[in-house]
Every structure is written in C-alpha cells, then in structure tokens.
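The lines below spell out each chain.
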Amino acid sequence: MRLRQIVLLLLLALAIGAFVALDLGRYLSFEQLKASQARFDQLYAQQPLTVAAVYFGVYVLATALSIPGAVIITLGGGAVFGLWQGLLLVSFASTLGATLAFLASRFVLREWVEARFGQRLADINAGVDKEGAFYLFTLRLIPVVPFFLINLLMGLTRMKTWTYYWVSQIGMLAGTAVYVNAGTQLAQLDSVRGILSPALLGSFVLLGIFPLLARRVVAAIQKRKVYARWASVRPKTFDRNLIVVGGGAAGLVSAYIAAAVKAKVTLIEAQKMGGDCLNYGCVPSKALIKSAKLAHQMRHGANYGLSDTAPSFSFKAVMQRVHDVIRAIEPHDSVERYTGLGVEVLQGYGKLVNPWTVEVTLNDGQVQRLTARSIVIAAGARPMVPPLPGLDDVGYVTSDTLWNEFAKLDDIPKRIVVLGGGPIGCELSQSFARLGAQVTQVEMGERIMVREDEEVSALARDALQADGVMVLTGHKALRCERQGEDKILVASTQGQEVEIVFDALVCAVGRVARLQGYGLEDIGVPTHRTVDTNEYLQTIYPNIYAAGDVAGPYQFTHTAAHQAWYAAVNALFGDFKSFKVDYRVIPWATFIDPEVARVGLNEQEAQAQGIAYEVTKYGIDDLDRAICDEGPYSEAHGFVKVLTVPGKDRILGVTIVGAHAGDLLAEYVLAMKHGLGLNKILGTIHTYPTMAEANKYAAGEWKRAHAPQQLLAWVKKFHDWRRG
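Now for a quick tour of the structure. Given the structure is predicted, the values throughout are model-derived calculations rather than measurements. (Residues numbered from 1 in each chain as written. Predicted model: local features only at pLDDT ≥ 70, side-chain atom pairs only at ≥ 80, totals over all residues. Heavy atoms only, no water.)

Considerations on the overall build of the protein
For step 1, the next point in the chain: Tallying secondary structure elements over the protein gives 27 helices and 24 strands in all.
For step 2, the next point in the chain: Expressed as a percentage of contacts within the protein between residues at least 6 apart in sequence, the contacts between residues at least 24 apart total 67%.
For step 3, the next point in the chain: As displayed, the protein offers around 36,600 Å² of accessible surface, 59% of which is attributable to carbon and sulfur atoms. (Helix = DSSP H or I, 4+ residues; strand = E, 2+ residues; numbered from the N terminus. Contact = heavy atoms within 4.5 Å. Areas by Shrake-Rupley, 256 points an atom, 1.4 Å probe, with all protein chains shown as cover.)

Below, the structure is given as structure tokens:
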C-alpha cells in the first residue's frame, strides 16, 4: 500500500474516531432534531446562505465518511429549507458525498482487493462493464439497501466515476424526495418509523421492480430491432419447437432433453451420430490406450512377479478392436435410439436461411425446409491443420482421420512424428510408442501440457520419455520435404534447423470450431473462433443458441453435455425463466500413464490471477493400493495436490497425477460443486484398500498442517497430569 493511501486511510480513521470520541452522534438523533428545529429555523432566517453552506458541507462530510445519520440530516433539510430547496441541497450533497466515498474506497482498497480476489473482481467488472449503470440504478431506487455499502463496494469495481455520479444522482432522487418531504412535516412525526408506512414501503418495492420491468422492455426493443430485417419471413406457425444442428454430445443431449419434455424436436446430422467423441476422439483413443497399456505391462511383467514378455500382436487387429469398441457403443447414440425417444432424426446437412428456418439437404439429395421457434447449433469442432509448406506432399493424418487410415495397415508405422504437445498429442505419442513405434513429439512451446503446473508437465514428459518418446519442446515446425524415399519434417530450435525423418505424421495441434457451412454468416450471427454467445448461450438472435465445441470456451464432451442442458431449457422455456450457464466447476483429464486430472485452479493460474492459496500435497507412492497394483519398486505413482483458501479447508482446485486420476477427481468435483471442504472428505469413510483413499489422506495432510498446536500442548499437559 502506497504512502498516500496510508495517509488517507489514517485521516479517515481519525475523522471517524473523532466523531465517536466526541459523541457527535448524539446530534444525529430524531429527538435532538425535533428539539433543535426552532433554533435552526431562527439561524436560517438570520443567515440563510451560511446555514445552507454549512448544512451542505456537513452532509457531504457525513456521507463521504459513511457516518450513520443521513436520514436525520435529510429530515433536517426538509424541516429547515422546505421541500424544493431541501431536495436540491440534499440531492447534490448526498451524491457528492457518495462519490467521495466511492473514490476513497477505490484509492485505498481496490489494489489490495484486486491482488487477493483478482478473478472474482474481474467477473464483477465484466458485469459492471455490461450493465453496471442499470444495476446501480436499481440499488439506488430501494432505500432499504444501505447506501454507504453501495459506495464502498462500487469503488472496488471499474465503473467510471462520472457514470457513478449521475446514476446515483438520478437513482437516489425518489427516496430523497420522500425523506425531505417528511422533514417538512417534522412536527407531526413521532419517529423515523412513521415515515416508512406500509404503503410507502410498497411504493419502494414498486420502484425496485420498475428497473426490472424496464429491462424487459429494453430487451424487447432490442429483440425487435435484431429481427427487423426478417419481419416479413417470420412464420406465423412453426413446424417444430426445436431444431438441433449436429449429432455430437451437445446436439444429442439437447435433443434428448427436448423430447423428454414432450417438445417436437428434429436433430440434423450429416455424418456419424455421436460426433467426434464417439467416432474420432474419446472412445477410440481410450480403446487404443488400453491396448497400449497392456503391451507395456507385458514388457514389464517382472513388476508383478511374472516374466517380461515382448508382446506379439497384429497392429491391424489392435485397430480393429478400436473400431469394435466404437460399434459396441454406437447404439447409445444411434438414430434408432433417438427415434425411439421421440426425436426426429434427419441425416443430412442443415443450413440456416433465416432465424427460424433451416434448410436440410438430406444425404439422398432431397431438400426440405423446416421452421422452429428455437434452434441449437451444435456443430462441434475439427482438427486444426497447420499451414506447413509441403505438408500435403508428404501426407498426414489427424486425430480424426488416423483411425481409418491406420486401420488399413498391417504394421504400425515404424517412425511417427506427432505435432503438438497438448493432451491429444501426448496420449497418441505414448500409445504409439508402447505399441512399438519410434515416436518423436514436436512442440513449439517450452513444455508439453502447458495448461498444467510445471511439475505436472515435467512428470508427463518423464513418463513419455520412459516409454521411448523423443519429446522435442521449443521446436517450431517449418516445412515438410521429401528426400528420396524419406519424408522429413524440418523444425527450428535455438536458431538452427533440424530434420526429423518419419513414415507417418500426426497433426494434433488443437481443434477449431466448425463455423462455415451452417448459414451463420449469411444471417449475420457473429463468430470469433467460436460462435459469439451470451451467458444464456444465445447468439445475436435470442432464439438461436450454440452449445459444445462450436460455442467454447471448453472442448470437452462433458462440458458440451453440460451446456446442452442450458441451451435446451433456455430455448424451450426461456420466455418464463432463463438460466446462466455455470462454469464454476469444470473437470478434465488427460489419459496418459500416469493420468493427469484437474478441477478448478492450479498454482500457475492462481498466481496469474493474484489469488492467495495454500498447497497440500500427498504422494500416491505411499498409498497401500498403489503399492499393491504397481509393486514396491516401480517408479513414482504420482500425487494429489489440493489448493485451499489460506487457513481454511475450502477447495480452490485439485490436480491429481496417477492411476485412475480421472476417477479419483470426481470426489473433489462433488465437493467443490456443493461447497464441501477437506474436513468433510476427511470425515468420509473410504473403502480399504482403494485408490480413493488418496483423497482422504490428502485431506489428512491438510488437517495435520492446521492442527491447533497450542491446544495440543495443553492436552499433553493434561495427559501428563493424569499419569501422576
């Protein structure tokens, strides 16, 4: 805190201290005001300007210092100056004083609050930037809300001073008029409570409701403006309640919810039901990981008292198993299942032609148009392909295409280059290496899995290298070349070019939302890497929603399903009640070995956001079940790392590295979602011997670090005394 801030804080403290020490509050009582009314009237008759100036200054000072008694001073203004002059003085004095309190709070406290609660304040500031003036106006209209709190709390936000001033001036006017008018009738009042009659309180409630009604009116006007160009084509009746474009996780859940509440819903999918997760992502990759892990365990049979054995297998059979797994899960997402649930499924391409109409080009070539009150865009994402010169000449696969392309091969490619150090690249690199390929993983950044803490990235790198992956970080891919029969990736590192020979190149540098081909640009829906939506998942057109990867900000199947609930419910029932999508507790996992799972903040995010935290860490290598499964001589099993509020057991985030980390994380997701702390986890019985005990032991580590040492010292003395 700077010297000027400290000086201002001391001056404010001295002023408030003097007010208390001199018992100046006795002059701000209703009884004192009534007793002194005649004397004030006499002074005002003799020196009207001086009395008005002193009154104005006292009011400003009292409001700026947040001293209680503004109601009494306001009544005094009405009693001495009358309604109109009193209203003029009080209105400007109260607003000026409130603004000074606002500025003092900002100058003294905001930097300190931002340093400790940066992310929370950032979220509040985002709301203030969007509709802060409206929110402040609502608060000012209801005088039962302590105005001094509004002054201090708003000072912590990024609201402009001028905005705060004029909104306060207008917003407080109604309440000020009531109290000044009451002051003109001071002789007839028995107490301040006499002002707040039930009828008056009802009026204040109506004043409070007014901004909400006004907000509805403004929203209606904006809605009408947005739809103005389409007014002539708006259907009078609709074929469907909901049309969903895309049959991935978000689309399937949206359609399922609509059918469950008996809405008429059509789901449009041109390719495979189940989307990326079933056909190209989560399911096939986990099937591959399982086969690769078994091959790894066979090579390390000695860890289990068996003989190390080089696995003998057909790569084609491994890839066939991947497709068999997909086929086994396909019925869960099939056309037949969703048709049975009451969803109309059309296999073709959907394109918006106006905010209510979707043109469907069916796979058999037929074209039809459907109308709906609401539409959900759930088009998903596709792999990003870097613009490398020569890439098309040498050939490549992506995380989408490799499953079909590699299924054609009898043997795994001998030399594989994986571009990308994110979760997808890491999972594929380790799996292919365990299946016998020479894998080189190329990452432009300084470390892999950059969203995780450095120690997690380092552990992941060590795990991949232990399986034979050559991890090249700080290497930027420049171009691809052919040299005779060899395919070569040229990359730069530290100013030098290196050549990496490969037989297969896997692009795993991320995924981008599918934004083209759905008519979004034709009807003017804004997009910036993803479809632009508000907190209700609405696009610029309130009846068109987006969910899943196409909407962001996360690219997880479970997040897509989570968003789909909000999109579907808001689309069907938003005229009555809308729900803001909740991103507070989002878990994710990377299924390398050992697995990496996280929910909430990690250390690098907490530091970047200026959030204070404590770290509790428990090493899974000490867990009985981990030793049973992996043996006492295996490499480190991983850890559970919990971030908590300093001195409290409230969980800010958890990172788990180890076997079944994705499963172990669920307990912390539940705890964070429902506000349960580490004490609750510690007090929960966990089955022995299971990996889940790691969560209990992590909570125990926190408890041990926060044991009441002074109390325990006295307890020790008690036991010593009991022994005689």
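So that's the structure; there's more coming.
Examining the sheet that holds strand β12 (residues 476–483)
For step 1, the next point in the chain: Spatially, the 3 strands line up as an open sheet ordered β12-β13-β14, and their pairing is antiparallel. Strands with a single pairing partner mark the edges of an open sheet, and in this sheet they are β12 and β14 (496–502). When the angles between neighbouring strand axes are averaged without regard to direction, this sheet yields 30 degrees.
For step 2, the next point in the chain: Sheet topology note: the strand β13 (residues 486–493)/β14 ladder contains 7 bridges and is antiparallel. From the neighbouring strand, K487 faces β14, where its bridge partner is F502. (Pairing = 2+ DSSP bridges. Axes fitted to C-alpha atoms, helices over the stretch in contact; angles between N-to-C directions.)

Concerning the pairing of strand β9 (residues 415–419)
For step 1, the next point in the chain: With 4 of its 5 residues buried, β9 lies for the most part within the structure.
For step 2, the next point in the chain: For the handedness criterion, the β-α-β arrangement of β9, helix α18 (residues 423–434) and strand β10 (residues 438–443) is classed as right-handed.
For step 3, the next point in the chain: Sheet topology note: the β9/strand β15 (residues 504–507) ladder contains 4 bridges and is parallel. When the bridges of β15 are listed, L419 appears paired with C507. (Buried < 20%, exposed > 50% of the residue type's maximum accessible area, 1.4 Å probe, protein only. Right-handed = clockwise from strand over helix to strand, strands pointing away.)

As for the packing of helix α13 (residues 282–299) against helix α14 (residues 315–329)
For step 1, the next point in the chain: Look at α13 against α14: their axes get within 9 Å of each other, and the N-to-C directions meet at 135 degrees. As judged from the angle between their axes, α13 and α14 are oblique. Two packed elements cross with a definite hand, and for α13 against α14 that hand is right-handed. For the pair α13 and α14, contact is made by V283, P284, A287, L288, K290 and S291 and by V318, M319, R321, V322, V325, I326 and I329, respectively. (Parallel < 35°, antiparallel > 145°, perpendicular 65-115°, else oblique. Left-handed = near helix turned anticlockwise from the far one by under 90°.)

Considerations on the nonpolar core
For step 1, the next point in the chain: Counting 40 residues, the largest nonpolar core has L288, F406, I416 and F432 as the members making the most contacts within it.
For step 2, the next point in the chain: Mapped by element, the contributors of at least two residues to this core are α13, α14, α17 (402–406), β9, α18, α19 (454–466) and β15.
For step 3, the next point in the chain: The contacts of L288, once residues within four sequence positions are left out, are V318, M319, V322, W403, L428, S431, F432 and L435.
For step 4, the next point in the chain: In this structure, I243, V360, I544 and V550 belong to the second largest nonpolar core, which totals 29 residues. (Core = buried A, V, L, I, M, F, W, Y, C linked by side-chain atoms within 4.5 Å.)

Thoughts on the sheet that holds β15
For step 1, the next point in the chain: With parallel pairing, the 5 strands of this open sheet are ordered in space as β8-β15-β9-β10-β11. Only two strands of the sheet have a single partner each, and these edge strands are β8 (397–398) and β11 (470–473).
For step 2, the next point in the chain: Of the pairings in the sheet, the one linking β10 to β11 comprises 4 bridges and is parallel in character. Note on β11: the bridge partner recorded for Q441 is V471.
For step 3, the next point in the chain: Strands β9, β10 and β15 of the sheet are contacted by α18, whose axis makes an angle of about 165 degrees with β10.

What about unusual backbone geometry?
For step 1, the next point in the chain: Cis geometry is found at the peptide bond from G552 to P553, where omega equals 0 degrees.
For step 2, the next point in the chain: Tracing the backbone through its elements, the reader meets P553 in the loop between β19 (544–546) and α21 (557–573).
For step 3, the next point in the chain: Phi at L537 takes a positive value of approximately 70 degrees, unusual for a residue other than glycine.
For step 4, the next point in the chain: Assignment of secondary structure puts L537 in the loop between β18 (530–531) and β19.
For step 5, the next point in the chain: Non-glycine residue H660 carries a positive phi angle of around 60 degrees.
For step 6, the next point in the chain: Of note, H660 is situated in the loop between β24 (651–658) and α24 (661–673).

Focus: α13
For step 1, the next point in the chain: With 18 residues, α13 extends 26 Å from end C-alpha to end C-alpha; this agrees with the ideal 26 Å at 1.5 Å per step.
For step 2, the next point in the chain: Residues V283, P284, S285, A287, L288, I289, S291, A292, A295 and H296 constitute the buried set of α13.
For step 3, the next point in the chain: Where α13 is buried, its residues meet α12 (275–279), α14, α17 and α18. (Expected span 1.5 Å × (residues − 1).)

Considerations on a nonpolar patch on the surface
For step 1, the next point in the chain: A cluster of nonpolar side chains, contributed by L96, L100 and L103, occupies part of the molecular surface with about 220 Å² of accessible area.
For step 2, the next point in the chain: Here L100 is to be found in helix α5 (residues 83–116). (Patch = residues over 30% accessible without salt bridge, like charges linked within 9 Å, V, L, I, M, F, W, Y side chains within 5 Å. Salt bridge = Lys/Arg side-chain N within 4 Å of Asp/Glu carboxyl O.)

Some details on the packing of aromatic side chains
For step 1, the next point in the chain: A full pass over the atoms with the stated rule returns 14 aromatic pairs.
For step 2, the next point in the chain: Centre to centre, the rings of Y618 and Y697 are 5.6 Å apart; their planes meet at 40 degrees, and the pair counts as tilted. Placement of Y618 in strand β22 (residues 614–619) and of Y697 in helix α26 (residues 693–705) is noted, with a sequence separation of 79 residues between them.
For step 3, the next point in the chain: Using a relative accessible area of 31% as the deciding quantity, one classes Y697 as partly exposed. (Phe/Tyr/Trp six-rings, centres within 6.5 Å; stacked < 30°, edge-to-face > 60°.)

Notes on the pattern of salt bridges
For step 1, the next point in the chain: Under the criterion given, the structure shown has 28 salt bridges.
For step 2, the next point in the chain: Linking R369 and E359 is a salt bridge whose minimum nitrogen-to-oxygen distance equals 3.2 Å. With R369 in strand β6 (residues 367–377) and E359 in strand β5 (residues 357–362), this residue pair connects regions lying 10 residues apart in the sequence.
For step 3, the next point in the chain: Looking at R369, the relative accessible area reads 52%, which means it is exposed.
For step 4, the next point in the chain: Relative accessible area serves as the criterion here: at 23%, E359 is assigned to the partly exposed category.
For step 5, the next point in the chain: K716 is paired through a salt bridge with D720; the nearest N and O atoms lie 3.2 Å apart. Taken together, the residues span about one helical turn, with K716 and D720 both in helix α27 (residues 709–722) at a distance of 4 residues.

Here's the deal with the packing of helix α11 (residues 249–260) against α21
For step 1, the next point in the chain: Packing of α11 against α21 brings their axes to within 8 Å, and their N-to-C directions diverge by 40 degrees. At the point where α11 passes α21, the crossing takes the right-handed sense. Between α11, through A249, A250, V253, S254, I257 and A258, and α21, the contact on the second element is made entirely by T557, A560, A561, A564, W565, A568, V569 and L572.
For step 2, the next point in the chain: Here the residues of the contact of α11 with α21 sort into 12 nonpolar, 2 polar and no charged. (Nonpolar A, V, L, I, M, F, W, Y, C, P; charged D, E, K, R; others polar.)

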